[in-house]
Amino acid sequence: FHPPVRSICCIGAGYVGGPTCTLLAARCPHIQVTIVDVNPSRIAAWNSPPDPLTGELTGLPVFEPGLGEVVKACRGRNLWFSTEIDEAIRAADLIFVSVNTPTKKSGIGAGYAADLHYVESSTRRIASVATSSKIIVEKSTVPCRTASSMRTILEANSRPGIHFDILSNPEFLAEGTAMRDLQNPDRVLIGCLDTPSGREAADRLGEVYENWVAPERIYTTGLWSSELSKLAANALLAQRISSINSLAAICESTGANIGEVAHACGLDKRIGPNFLRATCGFGGSCFSKDLLNLVYLSESLGLHPVAEYWRGVLAMNDWSKARFAQKVVSTMFNTITSKRVAVLGFAFKKDTGDTRESPAITLCRTFLEDNALLSIYDPKVPHEQIWRDLVNDPSRPSPSPYPGSGGVLLDSSLDASIASLKSSSRVTLASSALEACRDAEAVVITTPWDQFRTLDWQAVFSQMQKPAFVFDGHSGFLDVARLEKIGFKVQAVGRGP
Ligand code: NAD
Ligand code: UGA
């Protein structure tokens, strides 16, 4: 049914499509890889030239350590970024569908269900332009049985004699470590229909991965198990964080230390040490979205206790963010009105410029509602993005034709809100951490960038108002004893009195 893969198209040049297919192009020089997108400015950024002074690719739309070097090595050799979607579809033996699947903002399932509009329009486009048989791979995170809808659309709209096989191949990379995760994945999951052509399609995709992944790490399952495993993996990871955050609250009230508790629990091989850091809540584009999706799926199946169970993970996360903000206010004598608060970090985690669902957004908005004056610094998030996030209401339907770009509203009311916030002088965007802390009464660590740990904290202390407060939103990140010796009053998540 399917010859060995020589040409790949990836629809969607975002945080997943871009890095994933760049790494694939690097490891498979014999395969032509074309990454396409409907957003011309995103494609232009992927094609941006190196900085004339440093030679580095600083204009890429996604910041990931190590990504620029790999793009530079492959771009123009066997890696292409293009808006010529139809041409790339026609030329491909295998197509990754790597478009965004955000939570629906209106209509049936609003606030819970995944918006599959982008997956469907990509599928329809493939059906209408393809002139030869192809393997279609769901790379996006989708609800269970989406492949079945894709197959119906493809079969109903394709030209006679053309055969499509659909695979599920969810992506497990984490932002900030994407290149490392892609190079050395814990597993590659491939779901296929149990038919001769389905199994052959899975073999073809497996052969592509075998160019750099050991065969024993490639796990083939049924389509629906593969789709559900992606939602399940994110739900289990998020649940682990909410569990440790719930215990952090107990620590803060009892004098136990969450770092010690997590370490003690993690020594048990059945629990393991990773992903047990208590924080001011998890962020990122997927944990909340995929949990909501799982809740919706469970409700649709009439499994209400299951839905309630996973809803609890989200509720604990919301509470963790609110609790941390409350701790800041109560520690500062129950008022932060007109007090300068330095917020260090705005991305949802270190080593990325992505702010989607970043806890920093919620915290900053809460501080602003309490009339604080904010100085914000992040090493990678562009200032315009910070302004947008501070005023954008993520639950509003987006009028943008490209809502993939962080769910950002590109409308005049947004511009007006930004202009009003800028002119109010309630928020300053600093160009260094030290600058952000000048004259502040409190420093709040929202993202654990390495440079905040090694900051000249003595210098920070000498330029702050006294008493100088530090609030660490990531347990065990800062050396609390050292800071207290300098004179800071420190509160860290999960650290008791
Ligand atoms: P993204 O918003 O960064 O990128 C998606 C891109 O698809 C956008 O650039 C958008 O313009 C483009 N697009 C939308 N419709 C299109 C169409 N019809 N034709 C061509 N291009 C189109 O999203 P992302 O973070 O890369 O996530 C993509 C999927 O991968 C989601 O389902 C997400 O849940 C999943 N995922 C994301 C991550 C992550 O770390 N971000 C990790 C694993 C899985
Ligand atoms: C997560 C998963 O780790 C990936 O496997 C998955 O592919 C991806 O979601 C996805 O589907 O999008 P990502 O969100 O990029 O990756 O980053 P994580 O490292 O998982 O961090 C997410 C959030 O959890 C961050 O806000 C981080 O601070 C928080 N976190 C993480 C904790 O609060 N505690 C921890 O111990 C670990």
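As shown above, the structure is provided for reference.
Please read all numbers here as calculations on a predicted model, not as lab measurements.

How each quantity is defined
- Residues numbered from 1 in each chain as written.
- Chains lettered and ligands numbered in written order.
- Predicted model: local features only at pLDDT ≥ 70, side-chain atom pairs only at ≥ 80, totals over all residues.
- Heavy atoms only, no water.
- Near = heavy atom within 4 Å.
- Polar contact = N/O pair within 3.5 Å; in protein donor to acceptor, adjacent residues only side chain to side chain.
- Areas by Shrake-Rupley, 256 points an atom, 1.4 Å probe, with all protein chains shown as cover.
- Nonpolar A, V, L, I, M, F, W, Y, C, P; charged D, E, K, R; others polar.
- Axes fitted to C-alpha atoms, helices over the stretch in contact; angles between N-to-C directions.
- Helix = DSSP H or I, 4+ residues; strand = E, 2+ residues; numbered from the N terminus.
- Parallel < 35°, antiparallel > 145°, perpendicular 65-115°, else oblique.
- Left-handed = near helix turned anticlockwise from the far one by under 90°.
- Contact = heavy atoms within 4.5 Å.
- Phe/Tyr/Trp six-rings, centres within 6.5 Å; stacked < 30°, edge-to-face > 60°.
- Lys NZ or Arg CZ within 6 Å of the ring centre and 35° of its normal.
- Core = buried A, V, L, I, M, F, W, Y, C linked by side-chain atoms within 4.5 Å.
- Buried < 20%, exposed > 50% of the residue type's maximum accessible area, 1.4 Å probe, protein only.
- Pairing = 2+ DSSP bridges.

Trainee: Summarise the site of ligand 2; cite the residues concerned and give the values.
Mentor: Neighbouring ligand 2 are 20 residues; Leu-173, Lys-230, Thr-279, Cys-286 and Lys-349 lie closest to it. Leu-276 is positioned such that a nitrogen or oxygen atom in its backbone is 3.4 Å from an oxygen atom of ligand 2. Within the backbone of Phe-348, one N or O atom sits 3.0 Å away from an oxygen atom of ligand 2. In the complex, the protein chains occlude 88% of the 700 Å² of accessible area that ligand 2 would expose alone. Looking at the shell around ligand 2 residue by residue, the class counts come to 11 nonpolar, 4 polar and 5 charged.

Trainee: How would you summarise the packing of helix α1 (residues 17-27) against helix α3 (residues 67-74) if you had to cite specific residues and measurements?
Mentor: At their nearest, the axes of α1 and α3 sit 9 Å apart, and the two run at 50 degrees to each other. Classified by the angle between their axes, α1 and α3 sit oblique to one another. When the axes of α1 and α3 are compared, the crossing they make is left-handed. Note on element contacts: α3 touches α1 through Leu-67, Val-70, Val-71 and Cys-74, opposite Pro-19, Thr-22, Ala-25 and Ala-26. Class assignment of the residues belonging to the contact of α1 with α3 gives a composition of 7 nonpolar, 1 polar and no charged.

Trainee: Give a description of the packing of aromatic side chains that names residues and reports values.
Mentor: Throughout the structure, instances matching the rule amount to 10 aromatic pairs. With a centroid separation of 5.0 Å and 85 degrees between ring planes, the pair formed by Tyr-309 and Trp-310 is classed as edge-to-face. Taking the centre distance of 6.2 Å and the plane angle of 65 degrees together, the rings of Tyr-377 and Phe-452 count as edge-to-face. Within this pair, whereas Tyr-377 is found in strand β10 (residues 373-377), its partner Phe-452 is found in helix α17 (residues 450-453), the two being separated by 75 residues in sequence. By way of ring pairs, the aromatic residues Phe-275, Phe-282 and Phe-287 are connected into one cluster. It is Arg-145 that lies over the ring of Trp-224; its NZ or CZ is 4.2 Å from the centre. Between Lys-380 and the ring centre of Phe-63, over which it is positioned, the NZ or CZ distance is 4.4 Å.

Trainee: With reference to specific residues and values, describe the nonpolar core.
Mentor: Burial of nonpolar side chains together is a common tendency in soluble globular proteins. Membership of the largest hydrophobic core comes to 68 residues, with the highest contact counts inside it found for Leu-344, Phe-367, Leu-374, Ile-376, Val-443, Trp-457 and Phe-488. Looking at this core, the element that brings in the most residues is helix α13 (residues 359-369), giving 6 residues.

Trainee: Lay out unusual backbone geometry in plain terms, naming residues and giving numbers.
Mentor: Cis geometry marks the peptide bond from Lys-466 to Pro-467; its omega dihedral reads 0 degrees. Of note, Pro-467 is situated in the loop between α18 (457-462) and β13 (469-472). Not every positive phi belongs to a glycine, and Glu-357 is a case in point at roughly 60 degrees. Locating Glu-357 in the fold gives a position in the loop between β9 (340-344) and α13.

Trainee: Explain the sheet that holds strand β12 (residues 442-445) residue by residue, including any values.
Mentor: With parallel pairing, the 6 strands of this open sheet are ordered in space as β11-β10-β9-β12-β13-β14. The open sheet has two free edges, formed respectively by β11 (427-429) and β14 (489-492), since each of these has just one partner strand. Each neighbouring strand pair of the sheet contributes to a mean axis angle of 15 degrees, computed without reference to strand direction. Bridging between β12 and β13 involves 4 bridges; their strand directions are parallel. Opposite Ile-445, over in β13, you have Asp-472 as the bridge partner. Sitting on the sheet, helix α12 (residues 304-331) touches β12, β13 and β14, and the angle it makes with β13 is about 165 degrees. Across the sheet, α13 touches β9, β10, β11 and β12, and the angle it forms with β10 is around 160 degrees.

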